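Below are the chains, spelled out letter by letter.
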Amino acid sequence: MSEPLRAMMIGAHPDDVDICTCGITKRLVSKGCIVRFVSMTTGNAGHQTMRGEELIKTRAAEAQKSAAYLGATYEILPFDDGRLTPSLEARETLMRTIRNFKPDVIFTNRACDYHPDHRATGQLVQDCSYLMGVPAICPDTPVLRKTPTILYWADGFTDPKPFRSDFARPADDDRETLFHVECCHASQFLDWLPWADDHVDLAGKTHEERVEYLRSTFNWDRGDVVEDVLACLTRQYGAEFAKTVRFAESWQMSEYGAPVSDALKELLIGLD
C-alpha cells in the first residue's frame, strides 16, 4: 500500500477496544499502520464508588496510558456510560469521527451482546456504514469516497445468530500484552470488575496485592479457542498448527463494509 493502512477500533467504553484488539493493534502498529481507538462513552458509570468528573478523568487517563503502550491514539466521545442509544445525535457524532479519521478498516463489536452500550455501538457503526458516503448527511464533514472494511471481534452470544469466524490469528504470544493493558485500566481490572463480576472487594489492598489478584484470575484462563475458531485456524494454517493454539483473536466480516483486501488479509493472519 502506498499509504499506511488506517484502522479504527470502536467500542462502547474506555477499555473495550484495548482488550478486544490489543493483539492485532500491536501487529498493525509494528507494520506501520495508524490505529485510532474510539470509545462511545466516557465510562462514567463503571465503578463501585467513584463518580462524576473524577471517574471520567481517571478512565480517560487510563485509556491514554493503554493507547500509548500499544502505539495507538484514543478518542473518547461524550456520551454517558449505561445510557448510550443508537440516537441521531450519537450516529452523527460517530459519523464525523469516522470521516475525520478516514479509516480503511473498522473493528467493532456486533450488535448482539449482553450490554446495552455494546449493542448500541454495533448498531451505530452499521447505521453509519452507508451514510459515510452521503454528502447531505453531516455536510460539515467531507464524505468518505471509499467504504471501509468492517470487522466484528469475537463474542460468545448466539441469539439471534452466533459469531462466525472468518479470520483468526493465534494470540498466545499476546497474553502479556493483554495483561499489561488490563493493568493500565486499573479502575476497571483492579477495582470494578473484581467487585462486580467476582464479588471480591479489593478496597484497602495495595496496588501490588490487586495486581497479584488479577494475575491469579488471568492465569486461570486455559484458552478461548472454540470449535468455530479452531476450524478457521485450521483452514488458514493447517490442522497441526491450529491444534497448538490456546488463545486467538478472531473476526467476522460485516456485510455492511467493503471486502477484505489481500493486503488487509495478510495483516490479519500473517505470522511474520
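Described below are features of the structure shown in this document. Numbers given for residues are sequential positions, taken from 1 along each chain in its written order. Restriction of local features to residues with pLDDT of at least 70 applies here, the model being predicted, together with a cutoff of 80 or more for giving and counting side-chain atom pairs; totals for whole chains, interfaces and linings are based on all residues. Think of the side-chain values as coming from all heavy atoms in the structure, minus any hydrogens and water.

1. Some thoughts on helix α6 (residues 186-197)
Point 1. For the exposure calls, accessible area comes from a 1.4 Å probe over protein chains only, and a residue counts as buried if that area is under 20% of its type's maximum, exposed if over 50%, partly exposed in between. In this text, helices come from DSSP runs of H or I with a minimum length of four residues, and strands from runs of E with a minimum of two, each type numbered from the N-terminal end. For α6, every residue scored as buried is listed here: S187, Q188, F189, L190, D191 and P194.
Point 2. Considering only its buried residues, α6 is in contact with α1 (16-30), α2 (52-70), α5 (175-184) and α7 (207-220).
Point 3. Phi for H199, located one or two positions after α6, is positive at around 60°. Two residues qualify as a contact provided that any one of their heavy atoms is within 4.5 Å of a heavy atom in the partner residue.

2. As for the pattern of salt bridges
Point 1. A pair is scored as a salt bridge if a Lys or Arg side-chain nitrogen falls within 4 Å of a carboxyl oxygen belonging to Asp or Glu. Taken as a whole and assessed by the stated rule, the structure comprises 13 salt bridges.
Point 2. Between R96 and D140 there is a salt bridge, and its shortest N-O distance comes to 2.9 Å. Taken as a pair, R96 in helix α3 (residues 88-101) and D140 in the loop between α4 (116-131) and β5 (149-153) lie far apart in primary sequence, 44 residues in all.
Point 3. We note a salt bridge from D104 to K146, for which the minimum N-O separation is 3.5 Å. Of this pair, D104 sits in the loop between α3 and β4 (105-108) while K146 sits in the loop between α4 and β5, placing them 42 residues apart in sequence.
Point 4. Connected via shared salt-bridge partners are D15, R59 and D81.

3. Considerations on the packing of α1 against helix α10 (residues 262-269)
Point 1. Note on geometry: axes are C-alpha line fits, over the in-contact stretch for helices, and angles between N-to-C directions span 0 to 180 degrees. Where α1 contacts α10, the two axes come as close as 9 Å, and the packing angle between them is 120°. As summarised for this structure, α1 and α10 are arranged oblique, according to the angle between their axes. Two packed elements cross with a definite hand, and for α1 against α10 that hand is right-handed. Together, I24, R27 and L28 of α1 and E266, L267 and L268 of α10 make up the contact between the two elements.
Point 2. Nonpolar residues are Ala, Val, Leu, Ile, Met, Phe, Trp, Tyr, Cys and Pro. Charged residues are Asp, Glu, Lys and Arg, and all others, Gly as well, are polar. Residue classes in the contact of α1 with α10 are distributed as four nonpolar, no polar and two charged. Roughly parallel refers to an angle under 35 degrees, roughly antiparallel to one over 145, roughly perpendicular to one between 65 and 115, and oblique to any angle outside these ranges. The sense of a crossing depends on the near helix, which, turned anticlockwise from the far helix by less than a right angle, makes the crossing left-handed and, turned clockwise, makes it right-handed.

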